[in-house]
Structures are given as structure tokens and as C-alpha cells.
Amino acid sequence: MTSRTIRIASRKSQLALVQTYWVKAELEKAFPNLTFEVVTMETQGDKILDVSLSKIGDKGLFTQELEDGMLKRETDFAVHSLKDLPTNLPQGLMLGCVTKREDPADALVVHAKHKDKQLDTLPQGAVIGTSSLRRLAQLRHHFPHFNFKDIRGNVNTRLAKLDSGDYDAIILAAAGLQRLDMSDRIHQIIPSNISLHAVGQGALGIECREGDQEILAIIKVLEDGPTRDRCYAERAFLRTLEGGCQVPIGVNTNIEGDTLTLTGMVASLDGQKLLKDTVIGNSHHADQIGIDLANLLREKGADQILAEIER
Ligand code: DPM
């Protein structure tokens, strides 16, 4: 095996660094003779903070600069939050590893003055911060009396905006808060019957050059089979619906033995239309399960809903 230094590409946010250094530490344990180095980069998504996520578009917003570096051989692999990784990757790159997933659910984080409240008891007109169209559509569907307001920035920035009184509550991924050691900020885990999570949420995706067997053999030791199968089904569902990371599409998966259950939903931005269905199949055919569910929702009108949003 190689004696050179293996370079790991990462974004600079605190969450990205926690995730990347976890991967580095695990690989150092597994391969004590190899040397790893983290190379940090800024992405478009880190730089443009005054524009709503859905308006910037989604083609590799948080990944492209890292991908360019790998293609130029400046780095060897990149660690991403899997939900930020587009379902179609640039030519020459591949998803080489999916790590064990944390809780994929969304979490409600409230301002201190609402510490005795839950989603059902927050007052009429409460200002809820999110820039996820998926969270927006589903919460509007169930709680049309809230006032939804865009919020951008990394997890720490968002928590600071909440604490300063700009919002009554915000919605964040439980996994991000857990990895940042801020589980105490999770006020309520939002049940999946109210908010289906994003494709890949809570798992890390490690991207590398296609066919780089040396790197693949290294990163594969961190792969979690059940998480991989679930996320492959979720990603096939999103890819088939041609949804990027900024569409009101949510999922939930479950795996027991070889049986994989995928639930997915597509909603209109006002939350008025919400299509949801479930496909169950063999986890060895994870992609097909995602494709089948996408086609099922298409028959019910998913394409019209998505086309309206695009306009
Ligand atoms: C993507 C979305 C968001 C991030 C859209 C979505 C949330 C944006 C927002 C694709 N990426 O979820 O529908 O709420 O305004 C992001 C987070 C994590 C990865 C933060 C979060 C950490 C959790 C994980 C931002 N990307 O969702 O609270 O690893 O899944």
C-alpha cells in the first residue's frame, strides 16, 4: 500500500470538520501505517449566505469545489453530509462509502421563552425558521397557522439567530446537533408522520475518483451496509423524480433483515397538496425500490407538483 499522504477534502464549517476528523480518526485506527491530511475548502453554499437556498439552485452547492479538487488530484476523497451530495455526480467521481447513520429525523429547537411548548402548542403566528422547502411544505401542511421565515448560515449561526429573538423556533437536523455535541438543544424530535427527512439525512457520504481501487479499499471499512441500502433507495427515488437537494421531497426508510421499506412524499410549497406512498422490497434491489416509488408517485401527479414549483 501507499506510503504517500492521503488527502481528505472537507468544508470548513464546524459540523463539516467534526465529520471529517471523525472519518480521519477511524481510518487512522484501521490503517495505522497510513498518513492522512485534511484539506479544507469553501464552497458556494458557504459563501452566499444572503440568498435563500432554493433560489441559488442546487447543483453541487456544497460539494463542487471539493469535487474539482479531487478531479485535479489535489485531494483523494471528500467527506460530505450525504444529503448535500447531488444524486448525479460529476463524470469521474463516485460515492465510495456511506457511513452508519445517526437519527435521520428533523428536530424542533425553540427560543427559551417557549421551553414549555411543542409543535402542537406553539402560538398562532409563531415565526419558524427554515430554508428547506421540504420542511416548509410539510409543516405548512400540518400547521398552517405558523409564520415561516427563511434562515441561512451554518448550525451555530442559526442557533444564534434563534437565541437573539429573530425566531420563535427553528428546524434543524437532529444528526447535526448530535454530532456537534448539542443534543441538549433538541427540544422535540419531529415524528415522521409530520416531517419526512431529506434523502441521505444523518449519514455521511464519502466521494472519491471512480475506480480508484486503492482509496476505495480504504474508505470501504467505514461503510454500513443497512445505511447504504437505505440511502441508495432514497437517492434512486430522488434521482428518478429529478429532484435536487432543494425540492419538497422527503423520505423515511426502514430495514429489517433483507426487507427494505421506503416511504416518500412530494408536496406543493403551500402544503396543500401532499402525495405519499410506500414501497417494500428486497434490500439487494435498493435502487429499484426507489425507482418504483418515484413512478408510483408520478402516477399520482408528482410531476405536476414539481413542475409548478420549478415555475
Ligand atoms: C440540505 C437541506 C438542508 C441542508 C435541505 C433539506 C437544510 C436547510 C435548512 C440539502 N442541506 O433538508 O430539506 O434547514 O434551511 C444541512 C444540514 C446537515 C447537512 C443542517 C440541517 C446536517 C445533518 C445531516 C443543510 N446539510 O439540516 O439542519 O448530516 O443530515
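You'll find the structure just up there.
Cut-offs applied
- Residues numbered from 1 in each chain as written.
- Predicted model: local features only at pLDDT ≥ 70, side-chain atom pairs only at ≥ 80, totals over all residues.
- Heavy atoms only, no water.
- Helix = DSSP H or I, 4+ residues; strand = E, 2+ residues; numbered from the N terminus.
- Polar contact = N/O pair within 3.5 Å; in protein donor to acceptor, adjacent residues only side chain to side chain.
- Pairing = 2+ DSSP bridges.
- Axes fitted to C-alpha atoms, helices over the stretch in contact; angles between N-to-C directions.
- Contact = heavy atoms within 4.5 Å.
- Left-handed = near helix turned anticlockwise from the far one by under 90°.
- Nonpolar A, V, L, I, M, F, W, Y, C, P; charged D, E, K, R; others polar.

Along the chain, Ser 81 falls in strand β3 (residues 77-81). There is a polar contact of 3.3 Å between the side chain of Ser 81 and the side chain of Gln 19.

Attention shifts here to the sheet that holds strand β12 (residues 259-267). Read from one edge to the other, the open sheet built from three strands follows the order β11-β12-β13, with strand pairing classed as antiparallel. The outermost strands of the open sheet, each flanked by one partner alone, are β11 (249-256) and β13 (274-282). Between one strand and the next, the sheet's axes are offset by a mean angle of 15 degrees, whatever the strand orientation. Examined bridge by bridge, β12 and β13 share nine bridges and lie antiparallel to one another. When the sheet's bridge partners are listed, Thr 261 is paired in β13 with Ile 280. Lying over the sheet, helix α10 (residues 286-299) contacts β12 and β13, oriented at roughly 150 degrees with respect to β13. Across the face of the sheet, helix α11 (residues 302-310) comes into contact with β11, β12 and β13 while running at roughly 45 degrees to β12.

Running from amino to carboxyl end, helix α9 (residues 225-240) crosses α10 at an angle of 35 degrees, the nearest separation of the two axes being 7 Å. Relative to α10, α9 is oriented so that their crossing is right-handed. Listed contacts from α10 to Asp 229, Tyr 232, Ala 233, Ala 236, Phe 237 and Thr 240 of α9 are Ala 286, Asp 287, Gly 290, Ile 291, Leu 293, Ala 294, Asn 295, Leu 297 and Arg 298. Of the residues in the contact of α9 with α10, the class split is nine nonpolar, three polar and three charged.

Worth remembering: the numbers are spatial, not functional.
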